[in-house]
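Residues per chain are reported as follows:
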Amino acid sequence: MDVGLHPKIKLFAYSEVEEVTGYIGNFHVKIRRKARYVDEKECTVCEECAKVCPVVVPDEHQVGLASRKAIYLPFAQSVPSSFLIDMDSCLGTNPIACGKCKEVCDKKCIDFDQKDELINLDVGVTIVATGMDVFDPTEYDEYKYSKYENVLTSWEFEILTGPGYVTGGELIRPTDKKPPKSIGFIQCVGSRSEKRGQPYCSNICCMNTVKDTLFLKDHHPDMECLVFYMDIRAFGKQYEELYKRSRVAGVKYIRGLPGGIIEDPETKNLIVHVENTITGKVEKHELDMLVLSVGVIPRKETEQIQKLLTLSKSPDGFLMESHYQLNPIDSPTQGVFLAGCCESPKDIKSSVIQASGAAARAGRLLAMGKVKIEAITSSIDPEKCNSCGLCVKACPYGAIRQEKKKVPPFVIEAACKGCGTCGPQCKFESITLKHFEDHQIISMIDSMLDEKPEEKICTFACNWCSYAGADLAGLSRLQYPPNARIIRTMCSGRVDEEFIWHAFRKGAPVVLLSGCHFADCHYIDANRWTQKRVEKIWDKMDDFGLRPERLQLEWCSAAEAARWQKIMVAVEEIRKTVQKGEIKDTIRILTAEEEKQKEKKRRKKQKVANQESVTAG
Ligand code: FES
């Protein structure tokens, strides 16, 4: 409500972002403001319309535990405080079909002809705070949620005990509508399990249960409360104290997750069998109700949001931050910040901290009015460019723009992050990445293989993961072959096919290309291009009669020092199998191929020149 009333905040409720283009300082956003069919300024929430509406549907906000009409107020504190019509359930916009709400509305605020409105906005920065979804326990119905009415999720329990909801805060058992005498909570439903839900910890469920048990003990001191858990994670400030209070209040914590639930057909009580891993005994408990403490999952629209803003996802499906420890608020796209559970499951306090940080980061940028950009950015030489547009597709940030077909694209420096993935896409050498130019990398290869090339392991490692992994291996005193020579690039996506051929022509017995694991690449998904390119090179090596295993592609994170050691030892074993004769053959084959390509290019150039002179003539 504060946001709704703030003079400097424009709130677009019941709206969807359809398109975002541009870059930091210059985002263009297209918003669809959906038609409410009710004039939100005139509606006084008198409810007369809802009283006469004949359509009854489940209320999504109350997880289907209550119903609503087709014309409804989404929830008690909604902003703006105005009814809207759900056109999917409404009997018709035609008054002959129904139109009862329009008849009774004194204020004449119902308008069946209202249309969606498209709004275009120019904004400098964007904060994504799209929240999370709740795990659906019907997927793995081990606790018979879909079968027994008295098994609820923690969200449904919240609705049953909340004063603003269906029962007005009076806790009743779904089957007999009487107050329950005993309740059990089962923790980690859908969390911390590879097989049944998500492998990660949902962060909030333990303390949510502790809060619920304290609530129950405060309002119903005689109620029997049991919590079945693996371990209680009370990690925040004063959380441990709350957990202890719950135990002191008489809540029984049983370490062990139930193996099965059976319902007594007469009483509808739930019989729970569980192995108490502290006592080592199998226990049987009969309870009136069970609450499944369900985990949280990324919102189903995450992929859509990711595409809209060229963001990245972590392996758990939440949006990825720029750096897990050092830059947890920024997204990899400049000018886009993350707040709350869109980034990872978190409690209210952590969400408020992150949101305040995001607001401060955004405010600082807007106040400065200018941005510092990376020193490492790409540029395109329009003279050499043939306007094919391949680089536009390769840029993970949409930082290369081509206004029209057959017109050379250009780099928006403010949006370029310097991964260099565009460079290897260009077959006309028109792209330069500052500080990692082709000639600089080629000279490094030359000096690496100047002497005794047959003894070297030519390695390309990305700055953020593989190079850092190699560094850590050194710091950890992990021995790996000393003949490894590493060329650092910002991303594995910068490694051009030509660098690899050049290394082989210079006598390299093996080449190792290494980058971050998928979804860990610091440039969104630039390493997918690495994979594609290497697969092509392997095919070509096969065609040339070269052993593809002499080019190795490996993913290694900054923390995987031991993995780096293992990779290098394995590559060294391959190197030892490459004899001088094989290297000589490789040089001969690839040099001949290079000559062939040069000749092809020369002829093509000649043909173009001839055509131009004919046209001029
Ligand atoms: Fe490591 Fe892209 S940054 S592969």
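A brief look at the structure comes next. (Residues numbered from 1 in each chain as written. Predicted model: local features only at pLDDT ≥ 70, side-chain atom pairs only at ≥ 80, totals over all residues. Heavy atoms only, no water.)

1. Some points on the pattern of salt bridges
Move 1: Inspection of every chain in the model, using the stated rule, returns 36 salt bridges.
Move 2: A salt bridge links E301 to K300; its shortest N-O distance comes to 3.7 Å.
Move 3: Among the residues examined, E301 registers a relative accessible area of 23% and is labelled partly exposed.
Move 4: Among the residues examined, K300 registers a relative accessible area of 70% and is labelled exposed.
Move 5: Of the charged contacts, one joins E554 and R563 as a salt bridge, the two residues approaching to 3.1 Å between their closest N and O atoms. (Salt bridge = Lys/Arg side-chain N within 4 Å of Asp/Glu carboxyl O. Buried < 20%, exposed > 50% of the residue type's maximum accessible area, 1.4 Å probe, protein only.)

2. Brief notes about helix α15 (residues 561-577)
Move 1: For α15, spanning 17 residues, the distance from its first C-alpha to its last is 25 Å, which sits close to the expected 24 Å at 1.5 Å a residue.
Move 2: Within α15, burial applies to A561, W564, I567, M568, V571, E572, I574 and R575. The buried residues of α15 occupy an angular sector of 160 degrees when projected down its axis, which confines them to one face. (Helix = DSSP H or I, 4+ residues; strand = E, 2+ residues; numbered from the N terminus. Expected span 1.5 Å × (residues − 1). Arc of directions from axis to C-beta.)

3. Quick word on a negative patch on the surface
Move 1: Together, D39, E42, D111 and D113 give the surface a local cluster of negative charge.
Move 2: Assignment of secondary structure puts E42 in the loop between β2 (26-33) and α2 (48-52). (Patch = residues over 30% accessible without salt bridge, like charges linked within 9 Å, V, L, I, M, F, W, Y side chains within 5 Å. Areas by Shrake-Rupley, 256 points an atom, 1.4 Å probe, with all protein chains shown as cover. Lys, Arg positive; Asp, Glu negative; His and termini not counted. Charge placed at Lys NZ, Arg CZ, Asp CG, Glu CD.)

4. Focus: the packing of aromatic side chains
Centre distance and the angle of the planes are the two values used to describe a pair of aromatic rings.
Move 1: All told, the structure shown has 10 aromatic pairs when counted by the stated rule.
Move 2: Centre to centre, the rings of F235 and Y239 are 5.9 Å apart; their planes meet at 70 degrees, and the pair counts as edge-to-face.
Move 3: Using a relative accessible area of 17% as the deciding quantity, one classes Y239 as buried.
Move 4: Both rings, one in F460 and one in F499, keep their centres 6.4 Å apart while their planes meet at 25 degrees; by these two values the pair is stacked. Here F460 is found in strand β24 (residues 457-462), whereas its partner F499 is found in helix α13 (residues 497-505), with 39 residues between them in sequence. With respect to burial, F460 and F499 carry one shared label: buried.
Move 5: Among the aromatic side chains, those forming a connected cluster through ring pairs are Y229, Y243 and Y253.
Move 6: Above the ring of Y14, the side-chain terminus of K34 is found at 5.2 Å from the ring centroid.
Move 7: A cation over a ring is seen here: R488 above Y467, with NZ or CZ 5.9 Å from the ring centre. (Phe/Tyr/Trp six-rings, centres within 6.5 Å; stacked < 30°, edge-to-face > 60°. Lys NZ or Arg CZ within 6 Å of the ring centre and 35° of its normal.)

5. Let's talk about the sheet that holds strand β17 (residues 289-294)
Move 1: Taken in spatial order, the 5 strands of this open sheet run β10-β17-β11-β12-β13, and their pairing is parallel. Only two strands of the sheet have a single partner each, and these edge strands are β10 (151-153) and β13 (252-255). Looking at each pair of strands side by side, their axes are set apart by 25 degrees on average, direction ignored.
Move 2: Pairing of strand β11 (residues 182-189) with β17 involves 5 bridges; the strand directions are parallel. From the neighbouring strand, G184 faces β17, where its bridge partner is L290.
Move 3: Across the sheet, helix α5 (residues 205-219) touches β11, β12 (224-229), β13 and β17, and the angle it forms with β11 is around 170 degrees. (Pairing = 2+ DSSP bridges. Axes fitted to C-alpha atoms, helices over the stretch in contact; angles between N-to-C directions. Contact = heavy atoms within 4.5 Å.)

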